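Read off the chains here:
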Amino acid sequence: MTKPCIICVAITGSVPRKADNPAVPITVSEQVESTHAAFEAGASICHAHVRNNDESPSSDPDKFAALMEGVEKHCPGMVIQLSTGGRSGAGQERGGMLPLRPDMASLAVGSNNFPTRVYENPPDLVSWLASEMRTYDVKPEIEAFDLSHILRAAEMHMAGEIIDTPYVQFVMGVKNAMPADRHVFDFYVKTVERLFPDAPWCAAGIGRNQIVLNEWAVAAGGHARTGLEDNVRLDKDTLAPSNAALVARLADICARHDRPVATPSQVRAILGLRAA
């Protein structure tokens, strides 16, 4: 197989803190430095959250703007994907950064359980976020925590709420949500292929499931996500020293499966994104 593999690096997230792993980048300058190293290691998409000084999650558009500026300067052509996730804010606050016109933004189209809370994505908020993404020419990445989310994305695509070819990411291994189950993964892939013929897709595994989903996705011809947002360890005894180390591990998996790591320009072509 010679199909290029997109590597997305989820640099920070909303949950891991310095106490979990000192390498987790919190400030904008730390995030830019960490992203640059991951970019040099082969990552072509930066999935980004921002934090307050006390490490709590934020959806401050000014912080996102500063992060975008730094990534654009130091990582030429890298695709910037901002998070509209529910831990960072409430209601339409979650989409306050979309007028910045990032290349992409995450879009969870349904609710599900998280380890200690319900991840709420009410239909009216989902429709509003999708509308804002259309307005500002931001491509959504559909975060599928459940099979119903893939089917809902198909309904939204048919209704014109999601335009162009959808890009679906399977998120597996979240406690109380979908486990990292190979039979389910295979069905997810078949479902995307049935609903969105020839559409690209991605997979992300949480914690120790990160490398499992990396292997499954690369071997199956999909794209893959890694990074300290999802997993702070190389193995049960070793903290990951950086986002770049996790990207390098994923790049090695790509090499074993004869999948070249996609360049930023290839990613933009694969996903139908505007030129950098």
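Scoring rules and cut-offs
- Residues numbered from 1 in each chain as written.
- Predicted model: local features only at pLDDT ≥ 70, side-chain atom pairs only at ≥ 80, totals over all residues.
- Heavy atoms only, no water.
- Helix = DSSP H or I, 4+ residues; strand = E, 2+ residues; numbered from the N terminus.
- Expected span 1.5 Å × (residues − 1).
- Buried < 20%, exposed > 50% of the residue type's maximum accessible area, 1.4 Å probe, protein only.
- Contact = heavy atoms within 4.5 Å.
- Salt bridge = Lys/Arg side-chain N within 4 Å of Asp/Glu carboxyl O.
- Axes fitted to C-alpha atoms, helices over the stretch in contact; angles between N-to-C directions.
- Parallel < 35°, antiparallel > 145°, perpendicular 65-115°, else oblique.
- Left-handed = near helix turned anticlockwise from the far one by under 90°.
- Nonpolar A, V, L, I, M, F, W, Y, C, P; charged D, E, K, R; others polar.
- Phe/Tyr/Trp six-rings, centres within 6.5 Å; stacked < 30°, edge-to-face > 60°.

Caption draft 1: Local environment of helix α7 (residues 243–256). Between its terminal C-alpha atoms α7 stretches 20 Å, which fits the 20 Å expected from 14 residues at 1.5 Å a residue. Residues N243, A244, L246, V247, R249, L250, A251, I253 and C254 constitute the buried set of α7. Packed against the buried residues of α7 are β1 (7–10), α1 (28–41), α6 (209–219), β12 (223–226) and β13 (233–235). Residue D258 follows α7 closely and has a positive phi angle near 55°.

Caption draft 2: The pattern of salt bridges, seen in detail. Summed over the entire model, instances satisfying the criterion amount to 10 salt bridges. Here E155 and R152 are joined by a salt bridge, their closest N and O atoms 3.1 Å apart. Highlighted residues: E155 and R152, both in helix α4 (residues 147–158), separated by three residues, approximately one helical turn. For R152, a relative accessible area of 26% corresponds to the partly exposed category. Linking R225 and E229 is a salt bridge whose minimum nitrogen-to-oxygen distance equals 3.4 Å. We classify R225 as buried; its relative accessible area is 4%.

Caption draft 3: Region of the structure containing the packing of α1 against α7. Between α1 and α7, whose axes approach to 8 Å, the crossing angle comes to 15°. In terms of their interaxial angle, α1 and α7 are classed as roughly parallel. The crossing of α1 and α7 is right-handed. Facing α1, whose interface residues are S34, A37, A38 and A41, α7 presents N243, A244, V247, A248 and A251. Its residues placed into classes, the contact of α1 with α7 shows seven nonpolar, two polar and no charged.

Caption draft 4: Highlighting the packing of aromatic side chains. Counted by the stated rule, this structure contains eight aromatic pairs. Ring centres 5.3 Å apart and planes at 20° place the aromatic pair F170 and W201 in the stacked group. In this pair, F170 sits in strand β10 (residues 167–172) while W201 sits in strand β11 (residues 201–205), placing the two residues 31 residues apart along the sequence. For F170, a relative accessible area of 0% gives the class buried. Its relative accessible area of 5% is what places W201 among the buried residues. The rings of F170, F185, Y188, W201 and W216 are connected pair by pair, giving a single aromatic cluster.

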